[in-house]
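Listed here are the chains, written in short residue letters.
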Amino acid sequence: MKNTLLKDIGLAFFRIAISAMMLTHGLPKFQKLISGDFKFADPFGIGETPSLFLAVIGEFICPILIIIGFKSRLAAVPVAITMAVAAFITHGADDFGTKEKALFYLVAFVTVSLLGPGKFGVDKK
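Residues numbered from 1 in each chain as written. Predicted model: local features only at pLDDT ≥ 70, side-chain atom pairs only at ≥ 80, totals over all residues. Heavy atoms only, no water.

Concerning the side chain of serine 51
- Within the secondary structure, serine 51 sits in helix H2 (residues 48–68).
- There is a polar contact of 2.8 Å between the side chain of serine 51 and the backbone oxygen of glycine 47.
- Those residues within four positions of serine 51 in sequence are excluded, and the remaining contacts are Phe40, Ala41, Asp42, Pro43 and Ile46. (Helix = DSSP H or I, 4+ residues; strand = E, 2+ residues; numbered from the N terminus. Polar contact = N/O pair within 3.5 Å; in protein donor to acceptor, adjacent residues only side chain to side chain. Contact = heavy atoms within 4.5 Å.)

And the structure:
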C-alpha cells in the first residue's frame, strides 16, 4: 500500500512539474494569440494563425488539464505531438543540444500519456 501511495505521489509530482514548466513556453504564445499578433512559424503550410492556435493548445491548454489531472492521458498527446514537431521539424536541422529540450518534453509527455495521472487527479485513475 505504501508503494502505491508513493507511486501516485510521484506521478502527481511529475505531471504537475513537467506541465508547469511547459506553461512557461505556452503562456507567451497564448498572450500572443489573445493580443491578435498571429505571426508564428508555419511548419505544415496550414497558415500562421492555425499553427499558433495548435501550439497554444499543445503548450498551454493541455498542460493545464494535465496539472489538474483531467483526461491527462489524452491531454498529453497534443503536447507530445507539439514537441515532436518542435524537435524533428522546427529544429530538425539543428544540433542535438538545440533539440534536447523538445526531446525531453516529448519523452516526458509520452510517459504521462502511458502512465496517466495517478490517484491524485480529477479522474483518479
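So, H2
- Compared with the 30 Å implied by 1.5 Å per residue over 21 residues, the 30 Å span of H2 between its first and last C-alpha is a close match.
- Listed as buried for H2 are Ser51, Leu52, Ala55, Val56, Gly58, Glu59, Phe60, Cys62, Pro63 and Ile66.
- Check the buried side of H2 and you find it contacts helix H1 (2–35), helix H3 (72–90) and helix H4 (96–115).
- Just past H2, the residue glycine 69 takes up positive phi, approximately 80 degrees. (Expected span 1.5 Å × (residues − 1). Buried < 20%, exposed > 50% of the residue type's maximum accessible area, 1.4 Å probe, protein only.)

Remarks on the nonpolar core
- If you look at the biggest cluster of nonpolar residues, it comprises 18 residues, and the most contacted ones within it are Ile18, Met22, Ile66, Val79, Met83, Tyr105 and Phe109.
- At the level of secondary structure, the elements contributing two or more residues to this core comprise H1, H2, H3 and H4.
- Listed in part, the 5 residues of the second largest apolar core include Leu23, Leu33, Leu52 and Val56. (Core = buried A, V, L, I, M, F, W, Y, C linked by side-chain atoms within 4.5 Å.)

Remarks on the side chain of lysine 99
- By the secondary structure assignment, lysine 99 is in helix H4.
- There is no salt bridge for the buried lysine 99, and the closest opposite charge comes from aspartate 94, which lies 7.6 Å off by N-O distance.
- If we ignore the near neighbours within four places in the chain, the residues touching lysine 99 are Ala87, His91, Gly92 and Asp94. (Lys, Arg positive; Asp, Glu negative; His and termini not counted. Salt bridge = Lys/Arg side-chain N within 4 Å of Asp/Glu carboxyl O.)

Structural notes on H3
- With 19 residues, H3 should cover 27 Å at 1.5 Å per step; its first-to-last C-alpha distance of 26 Å lies within 8% of that length.
- Ser72, Ala75, Ala76, Val79, Ala80, Thr82, Met83, Val85, Ala86 and Ala87 are the residues of H3 that are buried.

Let's talk about the pattern of salt bridges
- Under the criterion given, the structure shown has 2 salt bridges.
- Between glutamate 59 and lysine 29 there is a salt bridge, and its shortest N-O distance comes to 2.9 Å. Taken together, the positions of glutamate 59 in helix H2 and lysine 29 in helix H1 put the pair 30 residues apart, joining distant regions of the chain. For the pair glutamate 59 and lysine 29, one class covers both residues: buried.
- Where lysine 32 meets aspartate 37, a salt bridge forms, and the shortest distance between an N and an O atom there is 3.1 Å.
- Overall, the relative accessible area of 34% leaves aspartate 37 in the partly exposed class.

Notes on the packing of H3 against H4
- Two elements in contact, H3 and H4, have axes separated by 8 Å at closest approach and are oriented at 160 degrees. The orientation of H3 relative to H4 falls into the category roughly antiparallel. Seen from above, H3 lies across H4 with left-handed handedness. Where H3 abuts H4, its residues Ser72, Arg73, Ala76, Val77, Val79, Ala80, Met83, Ala84, Ala86, Ala87 and Phe88 lie against Lys99, Ala102, Leu103, Tyr105, Leu106, Phe109, Val110, Val112, Ser113, Leu114 and Leu115. (Axes fitted to C-alpha atoms, helices over the stretch in contact; angles between N-to-C directions. Parallel < 35°, antiparallel > 145°, perpendicular 65-115°, else oblique. Left-handed = near helix turned anticlockwise from the far one by under 90°.)

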